[in-house]
Amino acid sequence: MSVRVVLADDQTVVRAGFRALLDLTDDLVVVAEAADGLQAVETVRLTRPDVVLMDIRMPGVDGIEATRRIAADTTLDGVRVVVLTTYRADAYVFEALRHGAAGFLLKDIDPDDLRAAIRTVAAGRSLLAPAVTRTVVEEFARIKGPEAAGAERLAALTDREREVMALVAAGLSNEEIGGRLFMSPLTAKTHVSRAMTKLGARDRAQLVVLAYETGLVRAGER
């Protein structure tokens, strides 16, 4: 099965570069391109791709707002957005993760790593190493501080689900969580999935964001 990709970037040469890289494979197919966020949303609704490579900074509707609109559309639940950025420590990346991006990639990524990342996220697996996600989220959560309604949102979770969520935010995999809490990786995965469902998180990256935003964990804690 081919992975269907939409490229969204306001620079024609950037889109052409990514298309050229993906055209070298048999299983990755660029089905459409978009030059701004509004066009990206419309194109995604029309083509229903598996993955969107979304530039964060575009004129008009930027990549963050476009990501938010795609994530909020229940008819596009199967679409995974990966945002593209020039700098790893970027406040825009944090906002994109908050609004449902599955992860982020640097624009100077190695071609083989780019293709592997697209396949990974299309398969529904976590794109970023949890520690990388944590580094980005923690940096900006430290500035923002926890939200006032954090405790109320966490009330929907069981004690075990909060415990598992905190370990996800600490960068642990399901296997590592299972070892820490003396449960199987499948049971850990179940708790993660239930926490995501109750909090409306699309993936683990967003669950990490929520752990910091709600005050379940705080910047600098281990």
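Bear in mind the structure is a predicted one, so any value in this text is a computation, not a measurement.

A. Highlighting the overall build of the chain. Regarding its fold elements, the chain presents eleven helices and five strands. Taken across its 222 residues, the chain has 48% of its residues classed as buried. Long-range contacts, defined here as pairs at least 24 residues apart, represent 68% of the contacts in the chain between residues at least 6 apart. Accessible area for the chain stands at about 10,500 Å²; split by element, carbon and sulfur atoms hold 52% of it.

B. Summary view of the nonpolar core. If you look at the biggest cluster of nonpolar residues, it comprises 51 residues, and the most contacted ones within it are Met54, Ile70, Val83, Met165, Ile177 and Leu207. Setting aside its immediate chain neighbours within four residues, Leu207 contacts Met165, Val168, Val192, Ala195, Met196, Leu199 and Ala201. One finds Leu53, Leu84, Ala102 and Leu105 within the second-largest nonpolar core, a separate group that totals 18 residues.

C. Representation of the side chain of Arg80 within the structure. Topologically, Arg80 is positioned in strand S4 (residues 80-85). The exposure class of Arg80 is buried, given its relative accessible area of 13%. Reaching out from Arg80, the side chain makes a polar contact with the backbone oxygen of Val121 at a distance of 3.3 Å. Ignoring any residue separated from it by four or fewer positions in sequence, one finds Arg80 in contact with Asp50, Val51, Val52, Ala102, Val121, Gly124, Arg125, Arg202 and Asp203.

D. Layout of the packing of helix H4 (residues 91-98) against helix H11 (residues 204-213). At a closest axis distance of 8 Å, the pairing of H4 and H11 adopts a crossing angle of 105 degrees. By the angle between their axes, H4 is roughly perpendicular relative to H11. Residues Phe94, Leu97 and Arg98 of H4 pack against Ala205, Gln206, Val209 and Glu213 of H11. Class assignment for the residues of the contact of H4 with H11 results in four nonpolar, one polar and two charged.

Rules behind the numbers
Here the residue numbers are simple positions, counted from 1 along each chain's written sequence. Predicted model: local features are reported for residues with pLDDT of at least 70 only, side-chain atom pairs are reported and counted for 80 or more only, and whole-chain, interface and lining totals are derived from all residues. Hydrogens and water molecules were not included; the side-chain quantities draw on all heavy atoms of the structure. Per the convention used, a helix needs a DSSP run of H or I reaching at least four residues, while a strand needs a run of E reaching at least two, with both numbered from the N terminus. In this scheme, a residue with accessible area under 20% of its type's maximum is buried, one over 50% is exposed, and one in between is partly exposed, where area comes from a 1.4 Å probe on protein chains only. Any pair of residues with heavy atoms lying within 4.5 Å of one another is described as a contacting pair. All accessible areas in this document rest on Shrake-Rupley with a 1.4 Å probe, and a residue is counted as covered only by the protein chains that are shown. Among buried residues, the Ala, Val, Leu, Ile, Met, Phe, Trp, Tyr and Cys ones that are joined through side-chain atoms within 4.5 Å form a nonpolar core. Here a polar contact means two N or O atoms within 3.5 Å. Within protein one must be a hydrogen donor candidate and the other an acceptor candidate, and residues neighboring in sequence count only if both atoms are side-chain atoms. Geometry is summarised by axes, namely lines fitted to C-alpha atoms with helices restricted to the contacting stretch, and by angles between N-to-C directions that run from 0 to 180 degrees. These descriptions rest on fixed angle ranges, namely under 35 degrees for roughly parallel, over 145 for roughly antiparallel, 65 to 115 for roughly perpendicular, and the rest for oblique. When residues are sorted by character, Ala, Val, Leu, Ile, Met, Phe, Trp, Tyr, Cys and Pro go into the nonpolar class, Asp, Glu, Lys and Arg into the charged class, and all the rest, Gly among them, into the polar class.

These values are about where atoms sit, not about what they do.
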